[in-house]
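Close look at the chain arrangement
Residues per chain are reported as follows:
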Amino acid sequence: MRRHVLVNWLQWVLGLLVVGYSSPEHFFAEREEWSMSKTFKWKVSTELVWSPSVMQEVRQLPAEVQTQLSQQGRLSSSIRKTEAYMIIHRSDSVDLFEYQIINSTYQKAQNFYFLCGKNFVVLIQNFEIRYSEGEPTIQKQAIILPTIDKAIYSGFPTYFSGIGSEINSYHPAFHALANPLKVQAPIGWMGYDQIRWKIENNKLLLYLEKDKVGTMQLSAKHDYAPLELVIHLAKHMYTWKTKRWRQIDGHWVPSLVEYQYFGSNFIQKTNFELVSVEPSAPVDVAQFLPHGVPISDFRLKATVTDSPPRSAEDIVNYRYTGRFLTVEELKRLAYQQGNLVPPETPRRRYSLWLFAPAILFFLAAA
């Protein structure tokens, strides 16, 4: 009798061990631990088609406005095409996201860099200052936004990135092997503090607030790697689908991912083809953000939405000195600038001149 009980107990323990080591959570963690020291390079091909109703509205605009849009490459054609490279350098401290536009029907060739820290993301952009005579001068600027966890889980904002709606197609669970249970913003900068995932069989159910908005299918034969994600939000539908796989160092990695978006104003299709997976080299921040670059820091704001700020309140402006300020240092600097005062102080001490760097930044970005 005792032997029978002992055998049953051992079988139960072994069953738990087998289940634990073959569960989706186990493979999520194992795959991400491996990816934390890797650099993923993807070739990106995007096609965006505006709806007939949008093009009809454009044709009804004044001639001078249509000419301006055509010169800027905006809405001059019903189809936009972009060829680019997306490179994600992962590491324990800072992840570096690069987006290199090679050829585009509406944007010039340029590079975008995002530094993804533990609780913030730094967006680095170049912009031109054109004087009446001579060649334009290229200047750098940076903006820092707060995130709840590592920024790679929080997605990238559409407006602040300067890239546009294409940024919504970059899903870290597919492209950087991030743990999908940690992904807090599957689409751009959307409600990341209200996201919840629930595992059900070989699926992950996505809830925004209390409503189920998406389902991620997992591939059991590929160690529960993400196979397909479909998200419905109002009249918008977003889909990612792994079309091809590659096994690297014993880990299944998507090698071809198809993204599609369907909305009332346009539809978009993006193909991601894996070029290489290499060991990550240390990220040299100075290469992308030299000393003296103006920074607009939003980490003291209670809420940051992906839209132009209505005021410069709690936005701290300073120049980069080789490291990022802590939140406490930000508070002291904001108080010195007159842009932050204790709650019991009835009046704010600030000058309109303090708004100038942030205003210039957003004018340049626009």
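Cut-offs applied
- Residues numbered from 1 in each chain as written.
- Predicted model: local features only at pLDDT ≥ 70, side-chain atom pairs only at ≥ 80, totals over all residues.
- Heavy atoms only, no water.
- Helix = DSSP H or I, 4+ residues; strand = E, 2+ residues; numbered from the N terminus.
- Buried < 20%, exposed > 50% of the residue type's maximum accessible area, 1.4 Å probe, protein only.
- Contact = heavy atoms within 4.5 Å.
- Core = buried A, V, L, I, M, F, W, Y, C linked by side-chain atoms within 4.5 Å.
- Salt bridge = Lys/Arg side-chain N within 4 Å of Asp/Glu carboxyl O.
- Pairing = 2+ DSSP bridges.
- Arc of directions from axis to C-beta.
- Expected span 1.5 Å × (residues − 1).
- pLDDT = per-residue confidence, 0-100.

Digging into the overall build of the protein
Secondary structure assignment for the protein yields nine helices and 15 strands. For the protein, with 366 residues in total, the buried portion stands at 46%. Taking as baseline every contact in the protein between residues at least 6 positions apart, the subset at least 24 positions apart corresponds to 56%.

Here we look at unusual backbone geometry
In most cases, non-glycine residues show a negative phi, while peptide bonds are predominantly trans. Backbone geometry at L177 places phi at a positive 55 degrees, although glycine is not the residue there. As for its position among the elements, L177 is in the loop between α6 (172-175) and β7 (195-200). Not every positive phi belongs to a glycine, and D314 is a case in point at roughly 65 degrees. Locating D314 in the fold gives a position in the loop between β14 (294-297) and β15 (316-319).

Observations regarding the nonpolar core
F97, F114, V121, L145, I231 and W240 are the most contacted members of the largest nonpolar core, which has 65 residues in total. By residue number, the principal contributor to this core is strand β1 (residues 38-50), which donates five residues. Contacts of F97, omitting those with residues within four sequence positions, involve M86, I87, I88, F112, Y113, F114, F156, I167 and Y170. Counting residues in each nonpolar core, the second largest holds 22 residues, with V122, V285, Y318 and A334 among its members.

Focus: the pattern of salt bridges
Scanning the entire structure with this criterion turns up 11 salt bridges. Across the pair K150 and D95 runs a salt bridge whose closest N-O atoms are separated by 3.4 Å. With K150 in the loop between β6 (137-146) and α5 (158-161) and D95 in strand β3 (residues 95-104), the pair connects residues that are 55 residues apart, well separated along the chain. Among the residues examined, K150 registers a relative accessible area of 10% and is labelled buried.

Quick word on the pairing of strand β13 (residues 266-279)
When β1 meets β13, the two strands line up antiparallel, connected through 13 bridges. Paired with K41 across the strands is S276, a residue of β13. Bridge count between strand β12 (residues 251-262) and β13: seven bridges; the pairing is antiparallel. Paired with V257 across the strands is F272, a residue of β13. The turn linking β12 back onto β13 is made up of three residues.

Some points on helix α8 (residues 327-337)
Looking only at α8, the buried set comprises L330, L333 and A334. Relative to the axis of α8, the buried residues are bounded by an arc of 100 degrees and lie together on one face. In this fold, the buried residues of α8 make contact with β14 and β15. Phi turns positive, to about 85 degrees, at G338, one or two residues after α8.

Quick look at helix α2 (residues 24-35)
With 12 residues, α2 extends 16 Å between its outermost C-alpha atoms, agreeing within 8% with the 16 Å of an ideal straight helix rising 1.5 Å per residue. Among all positions of α2, only P24, F27, F28, R31, E32, W34 and S35 are buried. Down the axis, α2 shows its buried residues gathered within 155 degrees of arc, on one side only.

Observations regarding the environment of K269
Assignment of secondary structure puts K269 in strand β13. Sequence separation between K269 and S169 is 100 residues; the distance between their C-alpha atoms is 8.9 Å. K269 has contacts with S45, T46, E47, E258, Y259 and Q260, leaving out every residue within four places of it along the chain.

Some words on the confidence of the model for the protein
With 78% of its residues at a pLDDT of 70 or more, the protein shows a mean pLDDT of 81. Here residues 5-20 is a poorly scored stretch, pLDDT under 50, and it has one contact once near neighbours within four places are set aside; other chains count. Across residues 343-363 the pLDDT falls below 50, and counting only partners more than four positions away or on other chains, this stretch makes 29 contacts in the model.

A short note on the environment of R246
Structurally, the position occupied by R246 is in strand β11 (residues 236-248). For R246, a relative accessible area of 33% puts it in the partly exposed group. Taking the C-alpha atoms as reference points, R246 and H222, separated by 24 residues in sequence, lie 9.8 Å from one another. Once you skip the residues sitting within four places of it in the chain, R246 turns out to touch H251, W252, V253, S255, L274 and V275.

Topic: the side chain of Q100
As for its position among the elements, Q100 is in strand β3. With sequence-adjacent residues up to four places away left out, Q100 is seen in contact with E83, A84, Y85, I87, Q110 and N111.

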